Amino acid sequence: SLRDVAWSPDGGLIALATSITNRAHQGEVLVYETATWSVVATLRGLGRPGFYKDPAGSLAFSPDGATLVTGHSRIKDEYAEQNVHLHAYSTATWEEVGRQIV
């Protein structure tokens, strides 16, 4: 299922955060180049190899389009406290360039 969508500022990329509906807590972020509608990046791997343990629930491109940030929250303990996990990716290489847990 689709969880979030983000367009790059120049409209050249669109990112889709997805989750697999028959398996809780798995998903990926697909990034398409809008000129050809081809997948230029598939972002995975926060949990079990190949999938986000907790699917990205939000996406945002930086104003200059150089970075895509993904975010998801996870219940941390029995008191329902949550951590928010943020991951930043370079849109030039699709390598993770930053990570923060708040």
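A quick note: this is a predicted structure, and the numbers were derived from the prediction, not measured.

Residues other than glycine seldom take positive phi values, yet W37 does so here, at roughly 55°. Relative to the helices and strands, W37 resides in the loop between β3 (27-33) and β4 (38-43). Located in the positive-phi region is W94, a residue other than glycine, with phi close to 65°. For W94, the location among the structural elements is in the loop between β7 (82-90) and β8 (96-101).

So, about the environment of I101. Within the fold, I101 resides in strand β8. Linking I101 and H85, residues 16 residues apart in sequence, is a C-alpha distance of 4.6 Å. Residues contacting I101, with those up to four places away along its chain left out, are N83, V84 and H85.

What follows deals with the sheet that holds β4. The antiparallel open sheet is built from 4 strands, whose spatial order is β1-β2-β3-β4. Both outer strands of the open sheet, β1 (2-7) and β4, are each paired with one neighbouring strand and no more. Strand-to-strand twist in this sheet, taken as the mean axis angle between neighbours without regard to direction, amounts to 20°. One ladder, built from 5 bridges, connects β3 with β4; its direction is antiparallel.

What follows is about the nonpolar core. With 14 residues, the main nonpolar core has A15, V29, V31, L43, L59, L68 and W94 as its most contacted residues. Looking at this core, the elements with two or more residues in it are β2 (13-19), β3, β4 and β5 (58-61). Looking at this core element by element, the count peaks at 3 residues for β2.

Attention now moves to the pattern of salt bridges. Applying the stated criterion across every chain, the model contains 1 salt bridge. Between E96 and R99 there is a salt bridge, with the nearest N and O atoms lying 2.7 Å from each other. A residue is classified by how much of its surface remains accessible, and E96, at 32% relative accessible area, is partly exposed. Under the relative-accessibility criterion, R99 is labelled exposed at 55%.

Counting buried residues in β2 gives 7 out of 7 residues, a clear majority hidden from the surface. Of the two faces of β2, the one carrying L13, A15, A17 and S19 and the one carrying I14, L16 and T18 are both buried. Where β1 meets β2, 5 bridges bridge the pair, whose relative direction is antiparallel. Bridge pairing links D4 to A17 in β2.

Scoring rules and cut-offs
Residues numbered from 1 in each chain as written. Predicted model: local features only at pLDDT ≥ 70, side-chain atom pairs only at ≥ 80, totals over all residues. Heavy atoms only, no water. Helix = DSSP H or I, 4+ residues; strand = E, 2+ residues; numbered from the N terminus. Contact = heavy atoms within 4.5 Å. Pairing = 2+ DSSP bridges. Axes fitted to C-alpha atoms, helices over the stretch in contact; angles between N-to-C directions. Core = buried A, V, L, I, M, F, W, Y, C linked by side-chain atoms within 4.5 Å. Buried < 20%, exposed > 50% of the residue type's maximum accessible area, 1.4 Å probe, protein only. Salt bridge = Lys/Arg side-chain N within 4 Å of Asp/Glu carboxyl O.

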